[in-house]
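What follows is the residue order along each chain.
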Amino acid sequence: MLSYPEKVMINDEIIDSENAKISVFDRGFLFGDGIYEVMLHMGNQLLLGEEHFQRLNASLIKTGIEMDTASIPGKIDRIIEAAGLQGQECLIYLQVTRGIAPRTHTFPVEATPTLMIYALPYQIPPIEERDLQAITTPEIRWSHCDIKTTALQGNVLSKEQAKQQGCFEALFVREGIITEGSHSNVFFVRNNVVYTHPANNFILNGITRLAVLDICHELGLTVIEEGIPASTLPSMDEAFLTGTTTQVAALRKIDEHVFYKGDSKGTVTRKIQEAFSQLKTRSLEVSV
Ligand code: PDD
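*Asks:* I tried to follow the overall build of the protein on my own but got confused; where do I start?
*Replies:* From N to C terminus, the protein includes six helices and 15 strands. For 288 residues, the compact-globule estimate of 2.2 N^0.38 gives 19 Å, and the protein sits close to it at 19 Å. Counting only C-alpha atoms and orienting by the principal axes, one finds that the protein spans roughly 55 × 45 × 35 Å. Within the span of the protein, comprising 288 residues, buried residues form 51% of the whole. In the protein, the proportion of contacts linking residues at least 24 apart, taken out of those at least 6 apart, comes to 70%. For the protein, the exposed area adds up to about 14,300 Å²; of that, 53% sits on carbon and sulfur atoms.

*Asks:* How should I be thinking about the environment of Glu-160 in this particular structure?
*Replies:* Along the chain, Glu-160 turns up in helix 4 (residues 153-164). Using a relative accessible area of 34% as the deciding quantity, one classes Glu-160 as partly exposed. For Glu-160 and His-217, which are 57 residues apart along the polypeptide, the C-alpha to C-alpha distance reads 35 Å.

*Asks:* I would appreciate a short explanation of the packing of aromatic side chains in the present structure.
*Replies:* Each aromatic ring pair is characterised by the separation of its centres together with the angle its planes make. If you walk through the whole model with that rule in mind, you get three aromatic pairs. With a centroid separation of 5.3 Å and an interplanar angle of 25°, the aromatic rings of Tyr-93 and Tyr-118 are classed as stacked. One end of the pair, Tyr-93, is in strand 5 (residues 90-97); the other, Tyr-118, is in strand 6 (residues 114-121), and 25 residues separate them in sequence. Ring pairs connect the aromatic residues Tyr-36, Tyr-93 and Tyr-118, which therefore count as one cluster. Between the NZ or CZ atom of Arg-98 and the centre of the ring of Phe-107, over which it lies, the distance is 3.7 Å. Here Lys-159 stacks its cationic end above the ring of Phe-168, 4.2 Å away from the centre of that ring.

*Asks:* I would appreciate a short explanation of the site of the ligand in the present structure.
*Replies:* Taken together, the neighbourhood of the ligand is formed by 19 residues, with Tyr-36, Glu-180, Ile-207, Thr-208 and Thr-244 sitting nearest. Thr-208 has a polar side-chain atom sitting 2.6 Å from an oxygen atom of the ligand. Interatomic distance of 2.5 Å between a side-chain N/O atom of Thr-244 and an oxygen atom of the ligand. Protein contact buries 91% of the 480 Å² of open area that the ligand shows by itself. Those elements that provide at least two residues to the shell around the ligand are strand 3 (34-42), strand 9 (177-181), helix 5 (207-218) and strand 13 (238-243).

*Asks:* What is the right way to read the environment of Ile-147 from this model?
*Replies:* You can see Ile-147 is positioned in the loop between strand 7 (132-138) and helix 4. Each C-alpha atom, one on Ile-147 and one on Ile-272, is 26 Å from the other, the two residues being 125 residues apart in sequence. Setting aside residues up to four positions removed in sequence, Ile-147 forms contacts with Ile-35, Ser-59, Lys-62, Thr-63, Trp-142 and Leu-204.

*Asks:* Is there a simple way to think about the layout of surface pockets in this case?
*Replies:* Volume-wise, the second largest pocket comes out at about 230 Å³. Mapped onto the lining of the second largest pocket, the elements with two or more residues apiece are strand 3, helix 2 (49-63) and helix 4. For the lining of the second largest pocket, a count of residues per class yields five nonpolar, seven polar and four charged.

*Asks:* How should the nonpolar core be read in this particular structure?
*Replies:* Inside soluble globular proteins, nonpolar side chains tend to come together where they are buried. Counting 30 residues, the largest nonpolar core has Val-194, Val-212, Phe-240 and Ile-272 as its most contacted members. Every element with two or more residues in this core is listed here: strand 1 (7-10), strand 3, strand 5, strand 6, strand 10 (185-190), helix 5 and helix 6 (267-287). Those residues in contact with Val-194 that sit more than four places away from it in its chain are Phe-187, Phe-188, Val-189, Cys-216, Leu-221, Thr-222, Val-223, Ile-224 and Val-268. Membership of the second largest hydrophobic core comes to 22 residues, among which are Met-39, Leu-60, Ile-92 and Ile-117.

*Asks:* Honestly, helix 4 in this entry has me stumped. Any pointers?
*Replies:* If you check helix 4, its first and last C-alpha atoms are 16 Å apart, about what twelve residues at 1.5 Å a residue would give, namely 16 Å. Along helix 4, the residues that are buried comprise Gly-154, Asn-155, Ser-158 and Ala-162. An end-on view of helix 4 places all buried positions within 95° of arc, on one side of the element. Of the exposed residues in helix 4, those oriented more than 90 degrees away from the buried face are Gln-153, Val-156, Leu-157, Lys-163 and Gln-164. Trailing helix 4 by a residue or two, Gly-166 shows a phi angle of about 75°, which is positive.

*Asks:* Explain the sheet that holds strand 3 to me, please; I cannot follow it from the model alone.
*Replies:* Paired through backbone hydrogen bonds, the strands of a sheet run either parallel or antiparallel to each other. With respect to topology, six strands assemble into an open sheet ordered 2-1-6-5-3-4, the strand pairing being antiparallel. Of all the strands in the sheet, just strand 2 (13-16) and strand 4 (45-46) have a single pairing partner and so form its edges. Direction of pairing for strand 1 relative to strand 6: antiparallel, over a ladder of two bridges. Among the inter-strand pairings, Ile-10 is bridged to a residue of strand 6, identified as Met-116. The sheet strands contacting helix 2 are strand 3, strand 4 and strand 5, and the helix crosses strand 3 at an angle near 175°. The sheet strands contacting helix 3 (residues 72-82) are strand 1, strand 2, strand 3, strand 4, strand 5 and strand 6, and the helix crosses strand 6 at an angle near 45°.

The rules behind these values
- Residues numbered from 1 in each chain as written.
- Predicted model: local features only at pLDDT ≥ 70, side-chain atom pairs only at ≥ 80, totals over all residues.
- Heavy atoms only, no water.
- Helix = DSSP H or I, 4+ residues; strand = E, 2+ residues; numbered from the N terminus.
- Rg over C-alpha atoms; globule rule 2.2 N^0.38 Å.
- Buried < 20%, exposed > 50% of the residue type's maximum accessible area, 1.4 Å probe, protein only.
- Contact = heavy atoms within 4.5 Å.
- Areas by Shrake-Rupley, 256 points an atom, 1.4 Å probe, with all protein chains shown as cover.
- Phe/Tyr/Trp six-rings, centres within 6.5 Å; stacked < 30°, edge-to-face > 60°.
- Lys NZ or Arg CZ within 6 Å of the ring centre and 35° of its normal.
- Near = heavy atom within 4 Å.
- Polar contact = N/O pair within 3.5 Å; in protein donor to acceptor, adjacent residues only side chain to side chain.
- 1 Å grid on protein atoms, 1.4 Å probe; cavity = no way out; pocket = protein on both sides within 12 Å on 5 of 7 lines; lining within 4 Å.
- Points joined across faces, edges and corners; volume = space filled by probe spheres on them.
- Nonpolar A, V, L, I, M, F, W, Y, C, P; charged D, E, K, R; others polar.
- Core = buried A, V, L, I, M, F, W, Y, C linked by side-chain atoms within 4.5 Å.
- Expected span 1.5 Å × (residues − 1).
- Arc of directions from axis to C-beta.
- Pairing = 2+ DSSP bridges.
- Axes fitted to C-alpha atoms, helices over the stretch in contact; angles between N-to-C directions.

Shown next as structure tokens:
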């Protein structure tokens, strides 16, 4: 069951979530004019926190939203404490919008960005054991998918389409090429070679994706950062998703193509999952 957080931080103020309100003139509400991050907090630190902050800063620069993020780690600690989640695994949601101003498309002259942060209890499985299925679907989003924008209607419509078909994820196909999922990146394996779409403007360069690329390097796996044509799906041996909430999750089936049956998940996926689980354990050890 999904639940609301107990506390929400708006700008610098911590509020009970039922009383957390934002102006209808906030540009996040009017235009989806904002960016966000989703991070895991384990032990006493953010998992891959530095990488998440680099991407947060990049999203701010790309959208021209001016905010100094130096004080955000301290704010995250405060919201975790207010929610009584110190030392527990939790998910941090953080968003910044361009702020509140009379409605017009151009950037407002005087507006202070709105910052919103909350922490939710979240149990992170050591290894993602779920047996997931995905559909492919035509890309309906814009062409700045590298920005972690809050304007996610294309992602929402596609994920709902997947859900209606009993699937976990919708994989976007742009000009015949599989790019990424509605809320995750996708990898394929053929003859022990790992394939994933390059980090250009057609995908969000996932922090989990980057960690998995490092893992592949450590494991001595060849990686080709190239989008695969949807028509070559049947020639792939394995497929898996990566993402902060999805972790590293094997795909059993995409459309009508079945990668494995029963417990016979691909060996490369399994190795990467184990290495990712070790990365989390190491990060916990460092934080205590
Ligand atoms: N989604 N691609 C898209 C479109 C995403 O929304 C996400 C993350 C990813 C994976 O990025 P990362 O590994 O940094 O989480 C790729 C977040 C978690 C979400 O909105 O739920």
